[in-house]
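Residue-level listing of the chains:
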Amino acid sequence: MVSNSRSTRHTHRDTLFNTRRLGWLTIPILFVCTAAVAETNPAYTLFPIDPPEGVAFEVSAVEVLPDGRVVVALRKGEVWIVDGLYDNNPATTTFKKIAEALHEPLNLLNKDDGLYVVQRSELTHLEDSNGDDIIDVYRTVTDGWGITGNYHEYAYGAVPSNDGALWITLNIGMGKANYPKQDAWRGWGLKVYPDGHIEPQCAGMRSPAGLGANLEGDVFFTDQQGNWIPAGSLHQLRKGAFYGHVDSLKHCALPGAPFAKPEKIPSGIPLPEAKAQFPLLSLPAVWFPYKKVGMSTTDVLCIENDEQIGPFKGQLLVGDFTTAAISRVFMEKVNGVYQGACFNFLEGFQSAVLRMAWGKDGSLFVGESNRGWNSYGTKSFGMDRVTWDGTVPFEIQEMRLEHDGFTLRFTRPVNPESAADLSSYALSSYTLMYHANYGSPEVDTQPHAIQSATLSADGLEIRLVTDPIRRYYIHEIHAEGLLSDDGAPLDHSDAYYTANELVSE
């Protein structure tokens, strides 16, 4: 855990020389490097990356090239290459601006033929025609969606799909203005094909700020709490899905929409009732309970192997804007449907976490900007590198649904006495409201008795038999009483499982 609490943060300070670029001249400047680790878990170290002097380094996109150099986009329209980041020595770090005059770029994708960037109004291919690391050709791949000037009309992507297309998601506009064609496909997910044509796929998004694929190549997006969206959420992108935000449905009248606008839309009722009355509504694979696990979800990044950040291969990292933190998501398929649990994981970043990317050595690069809104942290923008020293944290690794409860799997063996003590656990469930109001309280909360807890022979799994699981409810477990076999408490003792499907006996 990387902590943002000054009382729990250890710092070590080294005076180093940093490089600054003045025009084409690179000169050393004296600078102080601070690396932070958490008192509770020193396995993870956060290294702030000092930005170029005089540049508001509001990082809105991060991509790592095959040679390990890091490409970042800045919210106000520039693209930079940053080199020399892996030894945490600013004397070896250089910054080079390679592109400018973009309109709020929020993602970068490196492909064999160069960089792709999603701006508010288009997907752009950035070309370096003479190999000098300066972009000299800006080619529009597609601009097939609407834009009105509304400040909330962000565009995100592009993430490759399994059919060779690129996924893009579009923010809904804010306010009551109605532009039937000018804001086309706002609140929708689109596929862009190599020839530039787009195909609308799914609707109902409010602020789908993060996209990422799992190891199977299925692409997921996050949405943020607001009207019609009761809490942060993680959904699989699927053709024909409707994720809940009603304002996007006006575009069902446009050519190419994959479904017609429903005649009746329920409102003001709990989500299980809304799903029963409104089958088109696609509920998320995972809910992020508000304030308990972030407040405004952003980027999605798959953990590709157990050497990157711990024994979590195949799980997803999800950034959060307001809390300047990163959560972790375990998913499984039940009856062919993705669902699973989220866990708090890393905290203490300089500013709002917008984008994440893996470095060539498995370290994690995190790009940050609060865009003038509120976020935890000490700065308005920044960039951090997170390293893991190989020490295995004591975490709930997985939370899997069973027909009569859950199985918890841990990263390290659990103390048998604490596992057998039923007072080590507390389980409850609740749901959220589907309505046009902003966010939702937790409703219909119910405690669940833990009837038995059985520890596996290797000490890594606990099988919990509980009161019946409720479909379409969030199941929240607290395991504060558990200890590892060497007496350590869990780094994060809470987990939140979204049960859209139930397991048969």
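Residues numbered from 1 in each chain as written. Predicted model: local features only at pLDDT ≥ 70, side-chain atom pairs only at ≥ 80, totals over all residues. Heavy atoms only, no water.

Trainee: Just checking my understanding: could you explain the confidence of the model for the protein chain for this structure?
Mentor: On average, the protein chain scores 91 in pLDDT, and the residues at 70 or more come to 91%. The weakest mean pLDDT in the protein chain belongs to strand β1 (residues 9-22) at 28; the strongest belongs to strand β20 (residues 286-288) at 99. pLDDT under 50 marks residues 1-34. Its contacts with residues more than four places away, or in other chains, come to 97 contacts. (pLDDT = per-residue confidence, 0-100. Helix = DSSP H or I, 4+ residues; strand = E, 2+ residues; numbered from the N terminus. Contact = heavy atoms within 4.5 Å.)

Trainee: Can you help me understand the pattern of salt bridges in this one?
Mentor: One side chain can pair with another of opposite charge once the charged atoms of both are near each other. Evaluation of the coordinates by the stated rule reveals 23 salt bridges. Two residues, Glu 127 and Arg 139, come together in a salt bridge whose shortest N-O distance is 3.3 Å. Here the residue Glu 127 occupies a position in strand β10 (residues 123-127), and Arg 139 occupies one in strand β11 (residues 137-142), the gap between them amounting to twelve residues. Here Arg 400 and Glu 461 are joined by a salt bridge, their closest N and O atoms 3.1 Å apart. Taken together, the positions of Arg 400 in strand β28 (residues 396-402) and Glu 461 in strand β34 (residues 461-466) put the pair 61 residues apart, joining distant regions of the chain. Accessibility expressed as a relative area gives 21% for Glu 461, which makes it partly exposed. Several salt bridges converge on common partners, so that one network encompasses Glu 58, Arg 75, Lys 76, Glu 104, Arg 120 and Arg 371. (Salt bridge = Lys/Arg side-chain N within 4 Å of Asp/Glu carboxyl O. Buried < 20%, exposed > 50% of the residue type's maximum accessible area, 1.4 Å probe, protein only.)

Trainee: Would you mind showing me how to read empty space enclosed by the protein here?
Mentor: Regions of empty space are outlined by a rolling probe, equal in size to a water molecule, passed over the atoms. Inspection of the entire model under this criterion finds three cavities of 30 Å³ or more. Empty space within the second largest cavity amounts to approximately 60 Å³. Residue lining of the second largest cavity: 13 residues in total, with Trp 228, Pro 230, Tyr 243, Leu 283 and Trp 287 positioned closest to the centre. Class assignment of the residues belonging to the lining of the second largest cavity gives a composition of ten nonpolar, three polar and no charged. (1 Å grid on protein atoms, 1.4 Å probe; cavity = no way out; pocket = protein on both sides within 12 Å on 5 of 7 lines; lining within 4 Å. Points joined across faces, edges and corners; volume = space filled by probe spheres on them. Nonpolar A, V, L, I, M, F, W, Y, C, P; charged D, E, K, R; others polar.)

Trainee: Which parts of the structure should I look at to understand a nonpolar patch on the surface?
Mentor: Together, Tyr 151, Met 174 and Trp 373 make up a nonpolar patch on the protein surface, roughly 280 Å² of accessible area in all. Mapping Trp 373 onto the fold places it in the loop between β26 (364-369) and β27 (381-388). Judged by relative accessible area, which is 37%, Trp 373 ranks as partly exposed. (Patch = residues over 30% accessible without salt bridge, like charges linked within 9 Å, V, L, I, M, F, W, Y side chains within 5 Å. Areas by Shrake-Rupley, 256 points an atom, 1.4 Å probe, with all protein chains shown as cover.)

Trainee: Would you mind showing me how to read the sheet that holds strand β35 (residues 473-478) here?
Mentor: By definition, the strands of a sheet pair up through backbone hydrogen bonds, in either a parallel or an antiparallel sense. Spatial strand order, β21-β22-β23-β24-β36-β35-β30-β32: eight strands in an open sheet with antiparallel pairing. With one partner strand each, in any of the chains shown, β21 (297-302) and β32 (443-448) form the two edges of the open sheet. Averaged over all adjacent pairs, the angle separating strand axes in this sheet is 25°, with direction ignored. (Pairing = 2+ DSSP bridges. Axes fitted to C-alpha atoms, helices over the stretch in contact; angles between N-to-C directions.)

Trainee: Looking at this model, I keep getting lost on the pairing of strand β17 (residues 219-223). Mind explaining?
Mentor: Across a regular strand the side chains alternate sides, sitting on one face of the sheet and then on the other. A large share of β17 lies buried, amounting to five of its five residues. Where strand β16 (residues 210-213) and β17 come together, four bridges link them in antiparallel fashion. Bridging from a neighbouring strand, Leu 211 pairs with Phe 221 of β17. Following β16, the chain reverses through five residues before pairing antiparallel with β17; Gly 217 in that reversal takes a positive phi of roughly 90°.

Trainee: Would you mind showing me how to read the layout of surface pockets here?
Mentor: What the largest pocket holds in volume is close to 650 Å³. Mapped onto the lining of the largest pocket, the elements with two or more residues apiece are β4 (59-64), β8 (107-111), β12 (155-160), β16, β21 and β25 (353-358). A breakdown of the residues in the lining of the largest pocket according to their chemical character gives 17 nonpolar, seven polar and four charged.

Trainee: Would you mind showing me how to read the packing of aromatic side chains here?
Mentor: A ring pair, where both rings are aromatic, is described by two values, the distance of the centres and the angle of the planes. The full count for this structure, using the stated rule, is 16 aromatic pairs. Between Phe 312 and Phe 345 the ring centres are 5.5 Å apart and the planes differ by 80°, which places this aromatic pair in the edge-to-face class. Of this pair, Phe 312 sits in the loop between β21 and β22 (316-320) while Phe 345 sits in strand β24 (residues 337-346), placing them 33 residues apart in sequence. Assessed through its relative accessible area of 1%, Phe 312 is described here as buried. Taken together, the aromatic side chains of Tyr 44, Phe 312 and Phe 345 make up a single cluster linked through ring pairs. Directly above the aromatic system of Phe 345 lies the positively charged group of Arg 328, at a separation of 5.5 Å from the ring centroid. Sitting over the face of the ring of Tyr 86, Lys 360 holds its NZ or CZ atom 5.0 Å from the ring centroid. (Phe/Tyr/Trp six-rings, centres within 6.5 Å; stacked < 30°, edge-to-face > 60°. Lys NZ or Arg CZ within 6 Å of the ring centre and 35° of its normal.)

Trainee: What's the story with the pairing of strand β14 (residues 188-192) in this structure? I'm lost.
Mentor: Summarising burial for β14: five of the five residues are buried, a large majority. Going residue by residue along β14, you find Trp 188, Leu 190 and Val 192 tucked away on one face and Gly 189 and Lys 191 tucked away on the opposite face as well. Alignment of strand β13 (residues 166-170) against β14, held across four bridges, turns out to be antiparallel. Across the sheet, residue Ile 168 finds its bridge partner in β14, namely Leu 190. Inspection of the sheet shows β14 paired to strand β15 (residues 198-203) by five bridges, in the antiparallel sense.

Trainee: Any chance you could explain the side chain of Gln 315 here in plain terms?
Mentor: Within the fold, Gln 315 resides in the loop between β21 and β22. Filtering out sequence-adjacent residues up to four positions away, Gln 315 remains in contact with Leu 301, Cys 302, Ile 303, Arg 328, Val 329, Phe 330, Gln 397 and Glu 398.

Trainee: Would you take a moment to explain the sheet that holds β34 for this structure?
Mentor: Pairing in this open sheet of four strands is antiparallel, and the strands run β28-β29-β34-β33 from one edge to the other. Since the sheet does not close on itself, it has two edges, and those belong to β28 and β33 (450-455), each with one partner. Averaged over all adjacent pairs, the angle separating strand axes in this sheet is 20°, with direction ignored. Pairing geometry for β33 and β34, over five bridges, is antiparallel. Bridging from a neighbouring strand, Thr 454 pairs with Arg 463 of β34.

Trainee: Teacher, can you tell me more about the nonpolar core here?
Mentor: For soluble globular proteins, nonpolar side chains are generally found buried alongside one another. The biggest cluster of nonpolar side chains holds 53 residues, and the ones touching the most others in it are Leu 123, Leu 234, Val 329, Met 331 and Tyr 434. Aside from chain neighbours lying at most four places away, what touches Met 331 is Phe 220, Leu 234, Ala 285, Val 286, Leu 316, Tyr 338, Gln 339 and Gly 340. By size, the runner-up hydrophobic cluster in this structure holds 27 residues, among which are Val 334, Met 399, Ile 450 and Leu 490. (Core = buried A, V, L, I, M, F, W, Y, C linked by side-chain atoms within 4.5 Å.)

Trainee: Just checking my understanding: could you explain unusual backbone geometry for this structure?
Mentor: Note that the residue after Gly 157, namely Ala 158, is joined by a cis bond; omega there is 5°. The topology assignment puts Ala 158 in strand β12. For Trp 228, which is not a glycine, the phi torsion comes out positive at approximately 70°. Within the secondary structure layout, Trp 228 lies in the loop between β17 and β18 (232-236). For Asp 444, which is not a glycine, the phi torsion comes out positive at approximately 55°. The topology assignment puts Asp 444 in strand β32. By relative accessible area, which is 43% here, Asp 444 ends up partly exposed.

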